[in-house]
Every structure is written in C-alpha cells, then in structure tokens.
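Take a look at the letters that make up each chain.
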Amino acid sequence: MKTIIPAGYLPKRSIRETETAIRDLRDIFQVELAEKLNLLRVSAPLFVKKDSGFNDNLNGVERPVSFETKLEPDTEIQIVHSLAKWKRFALKRYGFKMHEGLFTNMNAIRRDEDVDNLHSIYVDQWDWEKIIAKDERNDATLEKVVKEVYSAILAMRAKLAEKYDNLYEFPAQVHFVTSEELEKRWPDLTPKEREDKICEEFGAVFIKHIGGKLPITKKPHDLRAPDYDDWTLNGDLLFWNPVLKCAFEVSSMGIRVDEVALKKQLELTGTTDRVKLPFHEMLMKGELPYTIGGGIGQSRLCMLLLKKAHIGEVQASQWPEEVEKACAEGGITLL
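What counts as what
Residues numbered from 1 in each chain as written. Predicted model: local features only at pLDDT ≥ 70, side-chain atom pairs only at ≥ 80, totals over all residues. Heavy atoms only, no water. Helix = DSSP H or I, 4+ residues; strand = E, 2+ residues; numbered from the N terminus. Rg over C-alpha atoms; globule rule 2.2 N^0.38 Å. Buried < 20%, exposed > 50% of the residue type's maximum accessible area, 1.4 Å probe, protein only. Contact = heavy atoms within 4.5 Å. Areas by Shrake-Rupley, 256 points an atom, 1.4 Å probe, with all protein chains shown as cover. Phe/Tyr/Trp six-rings, centres within 6.5 Å; stacked < 30°, edge-to-face > 60°. Lys NZ or Arg CZ within 6 Å of the ring centre and 35° of its normal. Pairing = 2+ DSSP bridges.

Engineer: What exactly am I supposed to notice about the overall build of the protein here?
Structural biologist: For the protein, the helix and strand inventory stands at nine helices and 11 strands. In terms of overall size, the protein behaves like a compact globule, its C-alpha atoms giving a radius of gyration of 20 Å where 335 residues would be expected to give roughly 20 Å. Counting only residues that meet the buried cut, the protein has 53% of its 335 residues in that class. Residue pairs in contact within the protein that sit at least 24 positions apart in sequence constitute 74% of those at least 6 positions apart. Split by element, the accessible area of the protein, about 15700 Å² in all, is 52% carbon and sulfur.

Engineer: How should I be thinking about the packing of aromatic side chains in this particular structure?
Structural biologist: Geometrically, a pair of aromatic rings is defined through the distance of the ring centres and the angle of the planes. Taken as a whole, this structure holds eight aromatic pairs when the rule is applied. With a centroid separation of 6.4 Å and an interplanar angle of 85°, the aromatic rings of Tyr168 and Phe239 are classed as edge-to-face. With a gap of 71 residues between them, Tyr168 in the loop between α3 (139-160) and β7 (175-178) and Phe239 in strand β9 (residues 229-241) connect regions that are remote in the sequence. Assigned by exposure class, Tyr168 and Phe239 land together as buried. Joined through ring pairs, the aromatic side chains of Tyr150, Tyr168, Phe170 and Phe239 make up one cluster. Above the plane of the ring of Phe248 lies Arg300, whose end atom (NZ or CZ) is 5.4 Å from the centre.

Engineer: Is there a simple way to think about the environment of Lys134 in this case?
Structural biologist: Structurally, Lys134 can be placed in the loop between β6 (122-131) and α3. Along the sequence, Lys134 and Asp258 sit 124 residues apart, while their C-alpha atoms lie 8.6 Å from each other. For Lys134, the contacting residues outside a window of four places in its chain are Asp258 and Tyr290.

Engineer: Before we go on, may I ask you to explain the sheet that holds strand β2 (residues 47-49) in this structure?
Structural biologist: Two modes of strand pairing occur in sheets, parallel and antiparallel, and in both the strands are linked by backbone hydrogen bonds. Strand order in the open sheet made by the three strands is β2-β4-β3, with antiparallel pairing throughout. Looking at the sheet topology across the chains shown, the edges are occupied by β2 and β3 (66-67). In terms of strand pairing, β2 meets strand β4 (residues 77-79) through three bridges, oriented antiparallel. Bridge assignment links Lys49 to a residue of β4, and that residue is Ile77.

The structure is reproduced here in structure tokens:
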C-alpha cells in the first residue's frame, strides 16, 4: 500500500470548488454519453441474490460483501461488484430494441481492493449496455463505440472549459492497440509498464484483448471474469496522467460473450459450474440479446480532469491511518 505524493503538489481548487466541479462534470457527461450511444438512464440494484448469477465475479478471487435479511434468512444477498451481467438481463426484461441501450449510476463495494492513489474500496461508475446485432460482434463495432464514448468525454470537457480553467487536456483522438502488440513490442516489461509506455507516447489509448493468455508470457495482460466480456472483443481505455506520471484507466468495455464464447471461456477458467445459474442458462439458450457495454469510472474521470493526485480527493471513502497521514503531510485533502 503505497501513497504517491507528487513533488510540489498543490490542489488547484478548494473542497467546495471541487465538489461543484464534480457535480457539473457528472451532470454534463451522462447527458453526452446518453446522446452519443442512444441510452436511457435506469435505476439499478445495489445488491443481488448470490444464486442469481448476476454479480460480477471480477477476477474470481474477490469476496463480495454479503448479508441476510429477516424476510429471507436463508438467502445470501451480495453487494454488487459491478452490473456487467444485470444490465444485459435488464435490456431484455425492459423491452429495449435493437441499438437501444441503458446506463445507470452504479455504486459498489470491493472489500478486497488494494487501495492506493487510484483504487478505493468504494466504486462509482456509469455502467452502460446496448443491444447490437449478432453480425455486429466484431472489431469494427468495438472501435466505433469506443470512439463514441471518447467523443462524449471530449464534449463534456469542452462544456466544462467554459466555466473552469486548468482542466486536463485530452488528445484529439484515441489510439488503438492490442495487448499482443504491446507484449511483442516490450516483451521484458510487465503489463503495467507497457501501459505506462504506450500511454506516455499517445496520451489516450484503448488496449484490446484483455483476459486471454498472451503468446509470449502465456499470461493475460489483465484478468477478466469469463462470463461477460468476450476476451477477443474487449479492452480498456487509458490516459497518460501527468500528475502521477503513469497510465490511468478510466473505462473498461467490450462486446459481451455469446453462447460460444461463454462456453469456451468457462472451460478455460475451470468455471463451467456457472452454466447452472439463471443468468448463464438464459444466455446459453439464446434468451438474452447480443450486447456491448462497459463501465466508466466517475471518480476516475473527475480525478483526471481536475488534475487530482488521489481518488480520495473526489470521493468519500475509508482509508487506512497511514494513507490519511501521508496525504495530510503531502497536501492532499481527502473528502
């Protein structure tokens, strides 16, 4: 657990000014995102039943926060990690049509998160999902949607700039690269070091193919649950962070698994027992729409745009005593 204190760091805004900017950013961005992707805002659950199969298993080792209620004392309820699978079910249940989609303000608790400048046990993001045709499950669709998300970010930044100065300057375009290409270019570096290199070079990068094993190291660039993204049609949107001088992930998105990809990825991860869960049964029977979706970190985007050094400057969470002490000594004001 290491807290980075940038040399000479001095926040450009007071707490009240920061909170006002956060409010404006969130209000503007969700409108831009909805317009660019044809999305409707919906309400979403904070918790789901364990046996529904809706909770995001993330990397497969994180423990969800769980509890029981007096109404169903024998039923385990879990705080969501994300809504990756729930959104796809909701599109079907709510009667969304082709090329329509939804988004929601998702709040989650990830109790096993290793906290640092970028990570908190509290997660807030715009979770979105959109219906596509089966023949649109391809790389061209993925890149098209990534560019639409990026255009929403640029539009939000332009509107905020009318009111605020000293905002992060986004590159005009996003650069696309695969995890395999990064490994080939820098085979002796770790995935994180490769991200730093490519983001410093291009500023804004979408790294494709996250989850599957790479050809040289035989290890994935990063871990992904096997039952929502298709590992050959997904990726992460990262930026170069000039305050922390590192790659900075803001969004993860991808075309979701179909029946074939789900079966393959469950077999690769030894988790074929999940096919018995309600969500997975519906998917294997072809009862769910083909979709593309993702999550966009709200605090991450605020932190980047407002040039903050710690995610605790833009969200209220819990931090170990040593983190609070290091931040106080380094001029970082945690909310």
